[in-house]
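Coordinate inspection notes
Listed below, chain by chain, are the residues.
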Amino acid sequence: MSQHTFLVNGTRVTVDTDDKVRLLWVLRDLLGITGPKYGCGINVCKACTSHINGKAFNPCSVPVSAIGPDDEITTIEGLADPATGELHPMQQAWIDRDVAQCGYCQPGQIMAAIAKVKQARAEGREISDSDFEEIRNICRCGTYSRIREAVKSAAAKM
């Protein structure tokens, strides 16, 4: 067992666990952060998508030993404004567009969408159809058209 210290949703945490434990299990089982969902465990379904240092990643495929003390992990729980509780524009767009059906993939979908909008903005452009093609999160309910509508709506407010 080793101690691992990093930031999660703005709070410094330290966990004592084996170096090989995947970050998803650290988040869910040791820290009680259940927004990132377990779907496949092999970086395919992307239900666990979160952010590391502002970029989308899948904690199911990353051992906790790969996370350093200066790394900041953001999950769906860390998106709302901590002072007011106001939802992130992407979260609000999901509600406004009635995206979720079963809801299982939605935290990962939202986190992937935010990262993709930020990437497009950093490149000086708006999100495009080719950007949507790069988002590989699986939705078993098939709400992809509503997801696109929500992302476009939120992108205008981000």
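Residues numbered from 1 in each chain as written. Predicted model: local features only at pLDDT ≥ 70, side-chain atom pairs only at ≥ 80, totals over all residues. Heavy atoms only, no water.

**Here's the deal with the overall build of the chain**
- Summing up its helical and strand segments, the chain has five helices and five strands in all.
- Starting at the N terminus, the α and β elements of the chain follow one another as β-β-α-β-β-β-α-α-α-α.
- Since a compact globule built from 158 residues should have a radius of gyration of about 15 Å, the 15 Å found for the chain is in line with a globular shape.
- Counting only C-alpha atoms, the chain reaches 45 × 35 × 30 Å along its principal axes.
- The burial tally for the chain puts 44% of its 158 residues in the buried class.
- Considering only contacts within the chain whose residues lie at least 6 apart along the sequence, 56% involve residues at least 24 apart.
- Of the roughly 8,100 Å² of accessible surface on the chain, a fraction of 49% belongs to carbon and sulfur atoms.
- Distance between charge centres in the chain, computed from 18 positive and 19 negative side chains, equals 5 Å. (Helix = DSSP H or I, 4+ residues; strand = E, 2+ residues; numbered from the N terminus. Rg over C-alpha atoms; globule rule 2.2 N^0.38 Å. Buried < 20%, exposed > 50% of the residue type's maximum accessible area, 1.4 Å probe, protein only. Contact = heavy atoms within 4.5 Å. Areas by Shrake-Rupley, 256 points an atom, 1.4 Å probe, with all protein chains shown as cover. Lys, Arg positive; Asp, Glu negative; His and termini not counted. Charge placed at Lys NZ, Arg CZ, Asp CG, Glu CD.)

**Focus on unusual backbone geometry**
- Although it is not a glycine, Asn43 adopts a positive phi angle of roughly 65 degrees.
- Considering the arrangement of structural elements, one finds Asn43 in the loop between α1 (23-30) and β3 (50-52).
- A residue is classified by how much of its surface remains accessible, and Asn43, at 32% relative accessible area, is partly exposed.

**Considerations on the sheet that holds strand β1 (residues 2-8)**
- Read from one edge to the other, the open sheet built from five strands follows the order β2-β1-β5-β3-β4, with strand pairing classed as mixed. In this open sheet, the two strands that pair with only one neighbour each are β2 (11-17) and β4 (55-57). Sheet twist, expressed as the average angle between the axes of neighbouring strands with direction ignored, equals 40 degrees.
- Where β3 and strand β5 (residues 72-74) come together, two bridges link them in antiparallel fashion. Bridge assignment links His51 to a residue of β5, and that residue is Thr74.
- Together, β1, β2, β4 and β5 form the strand contacts of α1, whose direction differs from that of β2 by roughly 100 degrees. (Pairing = 2+ DSSP bridges. Axes fitted to C-alpha atoms, helices over the stretch in contact; angles between N-to-C directions.)

**Remarks on the pattern of salt bridges**
- A full pass over the atoms with the stated rule returns six salt bridges.
- The partner of Lys116 in a salt bridge is Glu134, and the shortest N-O contact between them spans 2.5 Å. With Lys116 in helix α3 (residues 106-122) and Glu134 in helix α4 (residues 129-134), this residue pair connects regions lying 18 residues apart in the sequence.
- Owing to a relative accessible area of 10%, Lys116 belongs among the buried residues under this scheme.
- Here Glu133 ties to Arg148 by a salt bridge, and the two come within 2.9 Å at their closest N and O atoms. Here Glu133 is found in helix α4, whereas its partner Arg148 is found in helix α5 (residues 144-155), with 15 residues between them in sequence. (Salt bridge = Lys/Arg side-chain N within 4 Å of Asp/Glu carboxyl O.)

**Describing the layout of surface pockets**
- For the largest pocket, the calculated volume is near 300 Å³.
- In terms of lining residues, the largest pocket is bounded by 16 residues, among which Ala56, Ala112, Ala115, Lys116 and Gln119 are the most central.
- Elements with a minimum of two residues in the lining of the largest pocket: β4 and α3.
- Counting residues per element, the lining of the largest pocket draws most heavily on α3, which supplies five residues.
- Split by residue class, the lining of the largest pocket holds five nonpolar, five polar and six charged.
- Looking at which domains feed residues into the lining of the largest pocket, each of domain 1 (2-77) and domain 2 (89-156) supplies at least three. (1 Å grid on protein atoms, 1.4 Å probe; cavity = no way out; pocket = protein on both sides within 12 Å on 5 of 7 lines; lining within 4 Å. Points joined across faces, edges and corners; volume = space filled by probe spheres on them. Nonpolar A, V, L, I, M, F, W, Y, C, P; charged D, E, K, R; others polar. Domains from an automatic or database assignment.)

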